[in-house]
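# Topology and contacts: notes
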Amino acid sequence: MIQNLIARLRPLLLLAIAGAASGANAQLAETAPPSRDATSGCELHVWPSPGLESATEGWIRNNTQNQTLRDPPGKSLGLANAIPPQAQLDAIASLNLVGAFHLNDAKVITHADPLPPLLAGAPIVRQSSATTPCYAELIIKRLVYARNPLSGGALQSFFVFRQFGPTDVRSFTSMADTPVLSFPWKVPEEAERGRAELANALRTDLLTFAKYSNKPPAKRR
Amino acid sequence: MRFTSLKSRAVIAAGAVLSACLIPSVALAQDTTPQAPDNGGCELHVWPAQRFQAMTTGLLGGGLIDAAAHAKGDRERKAAMSNALDSPNQLAALSSLDLVALLKQRHATIVTHAEPLERHTINDIKTRRSDSKSSCYSELFVADLFYQKAAIYGRSFRALFIYREFGSSPTATRIYKGWGGNGLKLFPAKPGEDIEAANNELVSVFKSDFQEFAKNEVSNQSAKH
């Protein structure tokens, strides 16, 4: 008789247990940090680079670092500020970073301030205070306008992508470059077109880098 | 050996931390506040390079056609070089070495400067490039960084250093300029590959270049005495 009673009440008991569990989940979701994704808890943190640099060569003489970005006498072109950190984040905002890096349901969190320089050989640690177990980082490490008189100019972008697992970290650092024609602009009126081209080149570079990062590692030479 | 911050606190702090990780035998003071030198007033000021160059010569042995054939690659390599050995990484690499011992100096406080000097002024200006009034003052410049690939000799990385001694004088009393150069195996990485190992190799070869320069500088100094 008791067994029959339990059998009859089982659906009600299961419903009650499920209700209690979902209530607990709801409570957990409320107490979780606001940046945490409610479905998977995965996060992709993105940092911009400090700004544009240049590594160029002239027809006769080699140039020094950032020489191209200096304003000519009597002109204010703003070349050094062609793609500041916020402009980089704006440029890549339209990209599906989660899809490009094969991160399932990760929440993209952008940081307005660039990171301090990453030194060679330094230990790999999380650059944010996030403690979520499913965590990845995308760092726009450096943006270089590179030009050679025989090959033309290009935006050469250096990126770092790091995916933190429970016990290990997958780190991939590489670069991609896209030719640019409207930079450096010669008059302020051309600045808008130049900035737009740099932003577009950054998007292209980032998608190329994402493809590189998804490839299996090449054999050592 | 002590590191004192003047213009580049953040860089020195980062360099000192890295050095402490990599070269534990080198005693470092990780103070980040400026302080009076206590090594008999001796100071060695260090500046990173502002000029990078990459040159590839194929079987044509140079010339315009050869340069045009390698122009895109050299453009990429130059930027890759300036990424791996930017100013903070140059200073961190040098700070991880015992500069005073390698240059056979008396004890000196190492003062690193985050910003490179204008390249063309390094040869032109013979007076002190910092505001220091030290009576035992010297300067070390990384003047040029040069990647070369030749059809027969392969890949190499050379660095031009300039070492200047002043003593208590406002102008240099002794100048030694020289290249250090060593072969490369990993740098530059192929397109699409991870560049971290290649970057680390470049930093390591840069340090070897300095050690070679320092050895020659000491030999030159000994030969004069």
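Bear in mind the structure is a predicted one, so any value in this text is a computation, not a measurement.

Each helix and strand counted, chain B has seven helices and seven strands in total. N-terminal to C-terminal, the α/β element order of chain B is β-α-β-β-α-α-α-α-β-α-β-β-β-α. Taken across its 225 residues, chain B has 41% of its residues classed as buried.

This part is about the overall build of chain A. When its secondary structure is counted, chain A shows four helices and six strands. Counting only residues that meet the buried cut, chain A has 33% of its 221 residues in that class. Here the contacts in chain A between residues at least 6 apart in sequence split such that 69% fall between residues at least 24 apart.

Here chain A averages 83 in pLDDT, and 80% of its residues register 70 or above. In this model, residues 1-7 of chain A is a region of pLDDT below 50 whose contacts with residues beyond four sequence positions or in other chains number zero contacts.

Phe 159 and Leu 202 of chain A together with Met 81, Phe 161, Leu 202 and Phe 206 of chain B are the most contacted members of the largest nonpolar core, which has 85 residues in total. No other element matches strand S4 (residues 135-148) of chain A, which puts nine residues into this core. Every residue in contact with Phe 206 of chain B, bar those within four places of it in the chain, is listed here: Leu 85, Ala 93, Phe 157 and Ala 159 of chain B.

Bring the parts together and some accessible area is lost; that lost area is often taken as the interface size. Contacts between the two partners involve 29 residues from chain A, matched on the other side by 34 residues from chain B. Of all the secondary structure elements, the ones that give two or more residues to the side of chain A that touches chain B are S4, strand S5 (152-164) and strand S6 (169-179) of chain A. Considered class by class, the residues forming the side of chain A that touches chain B number 16 nonpolar, nine polar and four charged.

We now examine the packing of helix H2 (residues 85-92) of chain A against helix H4 (residues 191-214) of chain A. Residue and element names in this part refer to chain A. Where H2 meets H4, the closest approach of the two axes is 9 Å, and the angle between their N-to-C directions is 60°. The orientation of H2 with respect to H4, classified from their angle, is oblique. Between H2 and H4 lies a crossing of right-handed hand. Where H2 approaches H4, its residues Ala 87, Gln 88, Ala 91 and Ile 92 are matched on the opposing element by Ala 199, Leu 202, Arg 203 and Leu 206.

Here we come to the pairing of strand S4 (residues 109-112) of chain B. Residue and element names in this part refer to chain B. Burial along S4 is two-sided: the face carrying Thr 109 and Val 111 and the face carrying Ile 110 and Thr 112 are both buried. The pairing of strand S2 (residues 42-47) with S4 spans four bridges and is parallel. Bridge pairing in S4 links His 45 to Val 111.

Residues and elements named next belong to chain A. Judged by how many residues are buried, strand S1 (residues 43-47) sits mostly within the fold: four of five residues are covered. Here S1 pairs with S4 via five bridges, running parallel. Residue His 45 lies in a different strand from S4, and its bridge partner there is Glu 137.

Right, let's talk about the environment of Ser 204 of chain B for a bit. With respect to the helices and strands, the residue Ser 204 of chain B is situated in helix H7 (residues 196-224). Residue Ser 204 of chain B is classed as partly exposed on the basis of its C-beta count, with 18 C-beta atoms lying within 10 Å.

A separate point is the packing of helix H4 (residues 87-95) of chain B against H7 of chain B. Describing two packed helices takes the angle between their axes plus the distance from one axis to the other. Residue and element names in this part refer to chain B. Direction vectors running N to C along H4 and H7 enclose 55°, while the axes themselves pass 10 Å from each other. Considering the angle they form, H4 stands oblique to H7. Crossing handedness for the pair H4 and H7: right-handed. Note on element contacts: H7 touches H4 through Val 203, Phe 206, Lys 207 and Phe 210, opposite Asn 89, Ala 93 and Leu 94. Partitioned by chemical class, the residues of the contact of H4 with H7 number five nonpolar, one polar and one charged.

Moving on, we come to the confidence of the model for chain B. Residues and elements named next belong to chain B. When the pLDDT values of chain B are averaged, the result is 82; 81% of them are 70 or greater. In this model residues 1-37 is a low-confidence stretch, pLDDT under 50, and it forms 71 contacts with partners more than four residues away in sequence or in other chains. Scored by ipTM, the complex comes to 0.75, with pTM at 0.78.

Cut-offs applied
- Residues numbered from 1 in each chain as written.
- Chains lettered and ligands numbered in written order.
- Predicted model: local features only at pLDDT ≥ 70, side-chain atom pairs only at ≥ 80, totals over all residues.
- Helix = DSSP H or I, 4+ residues; strand = E, 2+ residues; numbered from the N terminus.
- Buried ≥ 20, exposed ≤ 12 C-beta atoms within 10 Å, placed from the backbone.
- Contact = placed C-beta atoms within 7 Å.
- pLDDT = per-residue confidence, 0-100.
- Core = buried A, V, L, I, M, F, W, Y, C linked by C-beta atoms within 7 Å.
- Nonpolar A, V, L, I, M, F, W, Y, C, P; charged D, E, K, R; others polar.
- Axes fitted to C-alpha atoms, helices over the stretch in contact; angles between N-to-C directions.
- Parallel < 35°, antiparallel > 145°, perpendicular 65-115°, else oblique.
- Left-handed = near helix turned anticlockwise from the far one by under 90°.
- Pairing = 2+ DSSP bridges.

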